[in-house]
Protein chains: 2
Amino acid sequence: MPAADAQSDHDAPAAVLEAPAPTAPTRTPQQRPSPAEEARTIVSATTTGTLATLSADGGPWASMVGFATLPDGRPVLMVSTLAEHGRNLERDQRASLSVVAPGREHARDPLDHGRLTLAGVAERATGSDADRAHEAYVAAFPPAGLFSTFGDFSTWVLRVERVRWVGGYGRMDSVTADGYARAEPDPVLPRARGAVRHLNEDHADALLAMTQVLGGHPDATSARCERADRYGLDLSAETPRGRASVRIGFEAALDGAEGLRAATVALARLAREGAAG
Amino acid sequence: MPAADAQSDHDAPAAVLEAPAPTAPTRTPQQRPSPAEEARTIVSATTTGTLATLSADGGPWASMVGFATLPDGRPVLMVSTLAEHGRNLERDQRASLSVVAPGREHARDPLDHGRLTLAGVAERATGSDADRAHEAYVAAFPPAGLFSTFGDFSTWVLRVERVRWVGGYGRMDSVTADGYARAEPDPVLPRARGAVRHLNEDHADALLAMTQVLGGHPDATSARCERADRYGLDLSAETPRGRASVRIGFEAALDGAEGLRAATVALARLAREGAAG
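Residues numbered from 1 in each chain as written. Chains lettered and ligands numbered in written order. Predicted model: local features only at pLDDT ≥ 70, side-chain atom pairs only at ≥ 80, totals over all residues. Heavy atoms only, no water.

### Some words on the pattern of salt bridges
Applying the stated criterion to the full structure yields 42 salt bridges over all chains. Across the pair Arg182(A) and Asp178(A) runs a salt bridge whose closest N-O atoms are separated by 3.0 Å. With Arg182(A) and Asp178(A) both in helix H5 (residues 177-182), this residue pair falls four residues apart, about one helical turn. Among the ionic pairs, Arg171(B) bridges to Glu38(B), the shortest N-O distance being 3.2 Å. Of this pair, Arg171(B) sits in strand S8 (residues 171-175) while Glu38(B) is found in helix H1 (residues 35-44), placing the two residues 133 residues apart along the sequence. Using a relative accessible area of 3% as the deciding quantity, one classes Glu38(B) as buried. Each of the salt bridges in this network shares a partner with another, and the network as a whole consists of Arg32(A), Glu38(A), Arg171(A), Arg227(A), Asp229(A), Asp234(A) and Arg247(A). (Salt bridge = Lys/Arg side-chain N within 4 Å of Asp/Glu carboxyl O. Helix = DSSP H or I, 4+ residues; strand = E, 2+ residues; numbered from the N terminus. Buried < 20%, exposed > 50% of the residue type's maximum accessible area, 1.4 Å probe, protein only.)

What follows is the structure in structure tokens.
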């Protein structure tokens, strides 16, 4: 797994953070989205973030902005010099954009939730970038078709130099600018919320069987699905040894959310057969 | 109204931004929360925001943080030096916190939504502040009771020097540090979402009567409630002259959301009597 285990670096007794390890072999592929894919997925799934710029005195200034995303993951901003961040960018183009994955308002713990930071330099869109950037922003914010005619608005594209992704407690990593540009957003994750709810509401037995038979925790007493991505399901399971994080991978990566149902049914069957065998 | 009308500053023909003005006198108090009250209300209503700090090279760094709020509105942060923002604060204490009002994910236009920026200096909590800050943060994030025992975590309190509030398109203002510290969060606004929905679902006729009889728009054809605060209701109304913003004020400011029903019923009666008179 490419995500660094930052938990082990905490200046604390490791035991307090340790989740129970599997007591049996896991029987599905354990691939999951790479940090670069996680980062691109978060950026692609929303159109608002918080921009950090430098004020006249060199101090930091955080402010909410709308943004669109170019195909290589660069964010597009349209800002007014009536706003402090707009004046800041005119003076110093260094900028950082923080983006939080959708759904934080409904998260059980808002800190155990995906987000990322991009840092780099804001550049005025020029050449073919200019049209693409403008089109992308207006598609995300139709009223911007009007704003953009005002003389105080400018379109900027953030040239990404540094990427830091945090998936939640203990799941985080840095991503190279090149890795970020080349990664593909996960086609399943942002569209799977309904499917995840359906699994938890109607198929708790299947999730428990997957956990016991395929996920390496034969003593699990209940399991719920936390999320689905193109490579598999993240489950959390109650065991007599504590709450475990369980990865159940699909046989093959999915190309879209429409493959989720068949892939999940196949896993449920595999778990039933394994339990019977 | 204390909020500056920033729209008129746009480098654009004013007409494109103008909403229809009342064609009859408004018949209720027109007070609304001050920018300082709006700012305090947003900060009090949530526990996540985005922190801007300065990286080692002096560039800005934006990252999601949890925060709690002291009674004077100062945000409390608990950050780890394993995170870049934690290392940044150790080096340079200048910081800015951007906070977005809850509900943005469901807003019709996420840019027409309340948010604010605080900027100042992060100070290590000392003396009586230290206990209050720690207690406030752990109350907001119970797992922090555990984190705070790790050697890599520190508690910081943001000394607020500058406050910039944005209520949505064309509603924005700066607030003095003193005005921010002394203002009271609105006791109604964060708890009124259900009441607003109820008004729109079941009392559209009363909202239209308020708009026509009390709100200065006798030609309105429909009205919906956008929000409620301790001083009154913000409505948007369709008129043959375009969509109007209508303020309907309560007779007296409310002390809590429990007074909302009686105050709204009184306004509906006033509108009916005015229509009949």
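### Quick word on helix H6 (residues 193-202) of chain A
Residues and elements named next belong to chain A. Within the span of H6, buried status applies to Val-196, Leu-199 and Asn-200. An end-on view of H6 places all buried positions within 90 degrees of arc, on one side of the element. Residues Glu-201 and Asp-202 are exposed on H6 and point more than 90 degrees away from its buried face. Looking at the buried residues of H6, the elements they touch are helix H7 (204-214), strand S9 (222-229), strand S10 (232-239) and helix H8 (260-276). (Arc of directions from axis to C-beta. Contact = heavy atoms within 4.5 Å.)

### Topic: the interface of chain B and chain A
Often, the extent of an interface is quoted as the loss of accessible area upon association of its parts. Contact with chain B, which involves 55 residues of that partner, is made by 55 residues of chain A. Buried area between chain B and chain A, both sides added, is near 4300 Å², and the carbon and sulfur share of it is 65%. Between Glu84(A) and Arg162(B) there is a salt bridge; the shortest N-O distance is 2.7 Å. Counting every contact that joins chain B to chain A gives 11 residue pairs in polar contact (both at pLDDT 80 or more). Sorting the residues of the side of chain B that touches chain A by element identifies strand S1 (48-54), strand S2 (60-66), strand S5 (94-100), strand S6 (115-124), helix H4 (144-147) and strand S7 (153-168) of chain B as the ones contributing at least two each. Here the side of chain B that touches chain A takes seven residues from S2(B), the largest share from any one element. (Buried area = accessible area lost by both parts, 1.4 Å probe. Polar contact = N/O pair within 3.5 Å; in protein donor to acceptor, adjacent residues only side chain to side chain.)

### A word on the packing of H7(A) against H8(A)
All names here are of chain A. As a packed pair, H7 and H8 sit with axes 8 Å apart at the nearest point and diverge in direction by 60 degrees. It follows from the interaxial angle that H7 and H8 lie oblique. Judged by the sense of rotation from one axis to the other, the crossing of H7 with H8 is left-handed. Where H7 approaches H8, its residues Ala-206, Ala-209, Met-210, Val-213 and Leu-214 are matched on the opposing element by Thr-264, Leu-267, Ala-268, Leu-270, Ala-271, Gly-274 and Ala-275. Counted by class, the contact of H7 with H8 contains 10 nonpolar, two polar and no charged residues. (Axes fitted to C-alpha atoms, helices over the stretch in contact; angles between N-to-C directions. Parallel < 35°, antiparallel > 145°, perpendicular 65-115°, else oblique. Left-handed = near helix turned anticlockwise from the far one by under 90°. Nonpolar A, V, L, I, M, F, W, Y, C, P; charged D, E, K, R; others polar.)

### Some details on the relation of the copies chain B and chain A
Mapping chain B onto chain A leaves a residual RMSD of 0.0 Å; the transformation is a rotation of 180 degrees accompanied by 0.0 Å of translation along its axis. Viewed as a symmetry operation, the transformation between the two copies matches a two-fold axis. (Least-squares fit on C-alpha atoms with pLDDT ≥ 70 in both.)

### Observations regarding the confidence of the model for chain A
Residue and element names in this part refer to chain A. Here chain A averages 91 in pLDDT, and 94% of its residues register 70 or above. Note on residues 1-8: pLDDT is under 50 here. Beyond four places in sequence and across chains, it has 18 contacts. Here residues 12-16 is a poorly scored stretch, pLDDT under 50, and it has three contacts once near neighbours within four places are set aside; other chains count. Reported for the predicted complex are a pTM of 0.90 and an ipTM of 0.89. (pLDDT = per-residue confidence, 0-100.)

### Considering the domain arrangement of chain A
All names here are of chain A. When its domains are assigned, chain A resolves into domain 1 (19-33 + 188-276) and domain 2 (37-182). Computed from C-alpha coordinates alone, the two centres of domain 1 and domain 2 are separated by 33 Å. Listed by partner, the interface residues are 10 residues for domain 1 and eight residues for domain 2. For the pair domain 1 and domain 2, the summed buried surface comes to about 710 Å²; carbon and sulfur atoms form 40% of the total. On inspection of domain 1 and its partner domain 2, the count reaches one salt bridge. (Domains from an automatic or database assignment.)

### Remarks on the sheet that holds strand S10 (residues 232-239) of chain B
Residue and element names in this part refer to chain B. Read across the open sheet, the three strands follow the order S9-S10-S11; overall the sheet is antiparallel. Of all the strands in the sheet, just strand S9 (222-229) and strand S11 (242-249) have a single pairing partner and so form its edges. For this sheet the average axis-to-axis angle between neighbouring strands, irrespective of direction, equals 25 degrees. The pairing of S9 with S10 spans seven bridges and is classified as antiparallel. Counted as the bridge partner of Asp-229 is Gly-232 from S10. Across the sheet, helix H6 (residues 193-202) is in contact with S9 and S10; its angle to S9 comes to roughly 165 degrees. (Pairing = 2+ DSSP bridges.)

### Some remarks on the pairing of strand S7 (residues 153-168) of chain A
Residues and elements named next belong to chain A. Counted residue by residue, S7 has 12 buried out of 16 residues, so it is predominantly covered. When strand S4 (residues 75-80) meets S7, the two strands line up antiparallel, connected through five bridges. Bridge pairing in S7 links Val-79 to Ser-154. Bridge analysis of strand S6 (residues 115-124) against S7 gives 10 bridges, and the strand direction is antiparallel. Paired with Leu-116 across the two strands is Trp-165, which belongs to S7. Relative to strand S8 (residues 171-175), S7 runs antiparallel, the two sharing five bridges. In the strand pairing of S8, Trp-165 is matched with Asp-173. Hairpin connection of S7 to S8: two residues between the antiparallel strands, including Gly-170 at a positive phi of 75 degrees.

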